[in-house]
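# Tertiary structure, described
Next come the chains, spelled out residue by residue.
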Amino acid sequence: MVKDITYGSYKFGSSNSSGESTVMKFTCLSKGEGFHFPPCHILNICGFRVLLDCPLDLSAVAIFSPIPVDSCCIQDEDLSNCLAYKSLNSENTAQKKQKVERALDENSLIRAEPWYKTVSSLHLWNLSFIDIVLISSPMGMLGLPFLTRSTDFSAKIYVTEPSARIAQLMMEDLVEMHMEYRQFYGPEGSHFPHWMEWEELEMLPFQLRDVALGRDGSELGGWMPLYSAADVKDCMRKIHTLKYGEEGCYNGTLVIKAFSSGLEIGTCNWTISSPKRNITCLSSSIFVSSHAMNFDYCSLQGNDTILFSDFSSMNVTEVSSPDNPTAVSSCGRIDGENLEEFATSVLKAEGEILEEIEKLAFICSCAVDSVKAGGSVLVPIGQLGIVLQLLEQVSLALESSNLKVPIFIISSVAEELLAYTNVIPEWLCKQRQEKLYSGEPLFEHVKLIQEKKIYLFPAIHSPELLSTWEEPCLVFCPHWSLRLGPVVHLLRRWCADQNSLLLLEKGVDPDLALLPFKPMSMKVLQCSFIFGIKLQKVQPLLNILLPKLVLCPEDLRKHSIPLNTNTFTFLYYSENETLRVPNLKNNIQLDIATNMASHLHWRKLKDCEMNIARLKGQLFMEQGKHRLLSREDHLDCAQTRSLLRWGSIDLKRLMIELEQMGITASVDQGEDASSLHVHQPNKALIDVRANTITISTAEENLAILVYEAIGRLLNGI
């Protein structure tokens, strides 16, 4: 039932409904793990299923053994280990149990062509029911070819332009690195690999078994053979790229926009606007970045629902203290005058930037010390922004120490990736954009390559690399898992050198990752970098965004930073549990054509202060709004249509109305129906039932008078 209409925007209200269409359903498929494995969710909004990110857990590839350094020459020990692994079925149960109980060592790793671990819960969903995929980062796109190669998948995929390009290069590089396994083990068979048999999985040490099966044993179905280069190309043909702030409209109902998250070049937070709610999908974000565009949180204001999906700091306990003014745990709403000042003081990131600069400076000093001692430095870091900054900082550190040491970047996509970062100024921070206006390259690696201080090579066996190679040196190469790519060969070369240095990212299990390379004399420096919102700033950020409802991970409730539940409504979610989110809007906006609104004929309802009008037109959805357009024939017939009436008749009041018109009648009360017998001025019968009122008379004028009397007692339109 229509509640109200306001001229100008012609906004129609709508009564509340408890139907399924007013309830949004949210399911967290995976909370992810660190920078390289972002969370994955499914939203059901307005009848459309939206998949938020499709990542790949590349840390799980650590349960596989890397191939030998020389894949053309297999040592006797390696060959015997491979044969022993394949003949495990012939051993008796007692021997198998004995192997399970032994300590984890290099021989415990799976010697087979790796499969790759996707979000296992996603495979429980019918892909044909997914309507939209929103990708917030290149890391969140690495598992997408597994979906797009399925004939059942037909969803529309939205991603920013840089994220799409960077993800494409990352996937192509992954396929290229995996080919080394394919060449070593030969083409894969049509059946499941031997290592996935239950007997073999039970024999794995518990550290490997937890990775393969998950803690509850439900993640085995998430392992998939890697997609091909053709699958990657097919995936890229199916995506739809957007710029920051550009609208994408799905089916006329959902309006989708991307805004910078500051995490990496092209990463974003998504907003989804629909007739019943406006949602902010808040992923891992950094307020101020040294390379990417800053976190655009101002564009996220005004949405009634926030899906908080930043798990980056969940393993860190941060406590508010008087010495830390930014550690604000609870505060009230901020008025418009103080909003900008509050945002600047509480959400300022100067301290975080200084922390990152000091961290990079420390890494560079360790690298210089290793080079001075005659060792080399191996950097298999996968965060593009960190790599770009390290290239700049380490070259300055070497120059200031008067060290002429080559820097090698070895990757099949290195040249294309570095060239791409220098031609997208609109996606970078203001400091980088200002370099463009002054005629400088956006990143220093352009100049360093021209000066022959940085060398790019597509593969470690490249003839050009062999002719240029010298040690000590610094090498940037994939893969951070230490199972794929050039890093495997170089780590085997330098692992016994106590003067050399290996840089690892936080999130990599060093005990498992370095297992094939033990004993390790090489120094290892594990670094953590900011890749999300600190817990201290969650509540101040929410106070600026002003949502009505916040969906938070259950993990957030367990931390020491309390959330002000008096200011917002919080709903907490866990993995693989569907959360029903009630509708927050009481009204639906309806845009009406101006010529149609001018022909509305208003009537006031009897029992409430409300005006109502009847109208007819063509109703459709456009840009997330209901629109009503008129046709000329509808305007002319609006006055001639008979009124639609509703309500119940009070017979005593009807008798009074008839008497005022000079009509006398008597009431005949029955069980299922009542009737009024009109005696004067002429005979008539008024039959009153639950759903209908029938007037029977031979006199037309009398029928009109009775009809008017009844109309005065009923609401009509």
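What counts and what doesn't
- Residues numbered from 1 in each chain as written.
- Predicted model: local features only at pLDDT ≥ 70, side-chain atom pairs only at ≥ 80, totals over all residues.
- Heavy atoms only, no water.
- Helix = DSSP H or I, 4+ residues; strand = E, 2+ residues; numbered from the N terminus.
- Buried < 20%, exposed > 50% of the residue type's maximum accessible area, 1.4 Å probe, protein only.
- Contact = heavy atoms within 4.5 Å.
- Areas by Shrake-Rupley, 256 points an atom, 1.4 Å probe, with all protein chains shown as cover.
- Pairing = 2+ DSSP bridges.
- Axes fitted to C-alpha atoms, helices over the stretch in contact; angles between N-to-C directions.
- pLDDT = per-residue confidence, 0-100.
- Core = buried A, V, L, I, M, F, W, Y, C linked by side-chain atoms within 4.5 Å.
- Phe/Tyr/Trp six-rings, centres within 6.5 Å; stacked < 30°, edge-to-face > 60°.
- Parallel < 35°, antiparallel > 145°, perpendicular 65-115°, else oblique.
- Left-handed = near helix turned anticlockwise from the far one by under 90°.
- Nonpolar A, V, L, I, M, F, W, Y, C, P; charged D, E, K, R; others polar.
- Arc of directions from axis to C-beta.
- Salt bridge = Lys/Arg side-chain N within 4 Å of Asp/Glu carboxyl O.
- Polar contact = N/O pair within 3.5 Å; in protein donor to acceptor, adjacent residues only side chain to side chain.

### Considerations on the overall build of the protein
Looking only at helices and strands, the protein has 22 helices and 36 strands in total. Across the 717 residues in the protein, those meeting the buried criterion constitute 52%. In the protein, of all internal contacts separated by at least 6 residues, the share reaching a separation of at least 24 is 70%. A total of about 33500 Å² of accessible surface is found on the protein, and carbon and sulfur atoms cover 50% of it.

### Focus: the environment of Arg689
Inspection of the secondary structure puts Arg689 in the loop between strand E34 (684–688) and strand E35 (693–697). Separated by 41 residues in the primary sequence, Arg689 and Ser648 place their C-alpha atoms 9.5 Å from one another.

### Notes on the sheet that holds E35
Read from one edge to the other, the open sheet built from 4 strands follows the order E32-E33-E34-E35, with strand pairing classed as antiparallel. Across the chains shown, the open sheet's two edge strands, defined by having one partner strand only, are strand E32 (664–669) and E35. The sheet shows a mean angle of 15° between the axes of neighbouring strands, direction not considered. Looking at chain direction, E32 and strand E33 (residues 674–680) are connected through 6 bridges and run antiparallel. Following the sheet pairing, Asp668 is matched in E33 by Ser675. In the packing of helix H21 (residues 651–660) onto the sheet, contacts are made with E32, E33 and E34, and the angle to E32 comes to roughly 165°. Its contacts with the sheet place helix H22 (residues 700–713) against E33, E34 and E35, and it is angled at close to 155° to E35.

### What to know about the confidence of the model for the protein
Averaged over every residue, the pLDDT of the protein is 82; the share at 70 or more is 81%. Segment residues 317–337 is flagged for pLDDT under 50; beyond a separation of four residues in sequence, or across chains, it makes 45 contacts in the model. With pLDDT under 50 throughout, residues 633–641 is counted as low confidence; its partners more than four residues away or in other chains account for 11 contacts.

### Points about the nonpolar core
Core analysis: the biggest nonpolar cluster contains 158 residues, and Leu51, Met141, Tyr227 and Leu378 have the highest contact counts within it. Looking at this core, the element that brings in the most residues is helix H4 (residues 161–185), giving 10 residues. Sequence-distant contacts of Tyr227, that is, excluding residues within four places in its chain, are made with Leu56, Leu142, Pro145, Phe146, Arg149, Met171, Leu174, Val175 and Val232. If you look at the next biggest cluster of nonpolar residues, it comprises 21 residues, including Leu282, Ile306, Leu541 and Phe568.

### Overview of the packing of aromatic side chains
Counted under the stated rule, the structure contains 22 aromatic pairs. Ring plane angle 20° and centroid distance 6.1 Å describe the contact between Trp469 and Trp494, whose orientation is recorded as stacked. Taken together, the residues Trp469 in the loop between helix H14 (463–468) and strand E20 (474–476) and Trp494 in helix H15 (residues 486–494) connect sequence positions 25 residues apart. Under the relative-accessibility criterion, Trp469 is labelled partly exposed at 23%. Counting every residue linked through ring pairs, the aromatic cluster contains Phe408, Tyr455, Phe457, Trp469 and Trp494.

### Things to note about the packing of H4 against helix H11 (residues 414–421)
In a pair of packed helices, the angle between the axes and the distance between the axes together describe the arrangement. It is at 10 Å that the axes of H4 and H11 come closest, and there the two elements cross at 165°. On the basis of the axis angle, H4 is roughly antiparallel to H11. Here H4 runs over H11; the crossing is left-handed. Counted together, Glu161, Pro162, Arg165, Ile166 and Leu169 of H4 and Glu416, Leu417 and Tyr420 of H11 form the full contact between these two elements. Split into classes, the residues belonging to the contact of H4 with H11 amount to 5 nonpolar, no polar and 3 charged.

### Description of the environment of Leu134
Among the structural elements, Leu134 can be located in strand E8 (residues 132–134). Sequence separation between Leu134 and Asp53 is 81 residues; the distance between their C-alpha atoms is 5.9 Å. Residues in contact with Leu134, not counting those within four places in the same chain, are Val50, Leu51, Leu52, Asp53, Tyr158, Ile256, Trp270 and Ile272.

### Comments concerning helix H6 (residues 206–213)
Each α-helix winds once per 3.6 residues, and so residues spaced three or four apart point in a common direction. The set of residues buried in H6 consists of Leu208, Ala212 and Leu213. Looking down the long axis of H6, one finds its buried residues gathered within 110° of arc, a one-sided arrangement. Those residues of H6 hidden inside the fold are in contact with helix H5 (198–203), strand E10 (223–224) and helix H16 (510–513). Gly214, located one to two residues past H6, shows a positive phi value of around 85°.

### Structural notes on the pattern of salt bridges
Overall, the coordinates contain 18 salt bridges when judged by the stated rule. Between Glu355 and Lys359 there is a salt bridge whose closest N-O contact spans 3.8 Å. Here Glu355 and its partner Lys359 are both found in helix H9 (residues 350–372), 4 residues apart, which amounts to about one turn of the helix. Taking the relative accessible area as the measure of exposure, Glu355 reaches 32% and is therefore partly exposed. One salt bridge in this structure joins Glu451 and Lys453, with 3.5 Å as the shortest N-O distance. The class for Lys453 is partly exposed, based on a relative accessible area of 34%. Taken together, the shared-partner salt bridges connect Glu355, Glu356, Lys359 and Lys534 into one network.

### Some remarks on the sheet that holds strand E5 (residues 48–52)
Hydrogen bonds between backbone groups are what pair the strands of a sheet, and the pairing can be parallel or antiparallel. Taken together, the 7 strands give an open sheet; going across it, the order is E11-E9-E8-E5-E4-E3-E25, and neighbouring strands pair in mixed fashion. The two strands at the open ends of the sheet, each matched to only one other strand, are strand E11 (239–242) and strand E25 (578–581). Put simply, the sheet's adjacent strands are angled 20° from each other on average, direction ignored. Here E8 pairs with strand E9 (residues 156–160) via 3 bridges, running parallel. Within E9, the residue paired with Ile132 across the bridge is Lys156.

### Observations regarding H11
Taken as a whole, H11 has its buried residues at Ala414, Leu417, Leu418, Tyr420 and Thr421. Buried residues in H11, looked at end-on, bunch into an arc of 160°, giving them a common side.

### Some remarks on the environment of Lys523
Secondary-structure assignment places Lys523 in strand E22 (residues 523–527). Taking C-alpha positions, Lys523 is 6.1 Å from Leu502, a pair spaced 21 residues apart along the chain. There is a polar contact of 3.4 Å between the side chain of Lys523 and the backbone oxygen of Asn499.

### Topic: the packing of H21 against H22
Running from N to C, H21 and H22 point in directions that differ by 135°, and their axes come no closer than 9 Å. Taken together, the axes of H21 and H22 lie oblique to each other. Considering only the axes of H21 and H22, their crossing is right-handed. Contacts between H21 and H22 involve Arg653, Leu654, Glu657 and Leu658 from the first element and Val706, Ala709, Ile710, Arg712 and Leu713 from the second.

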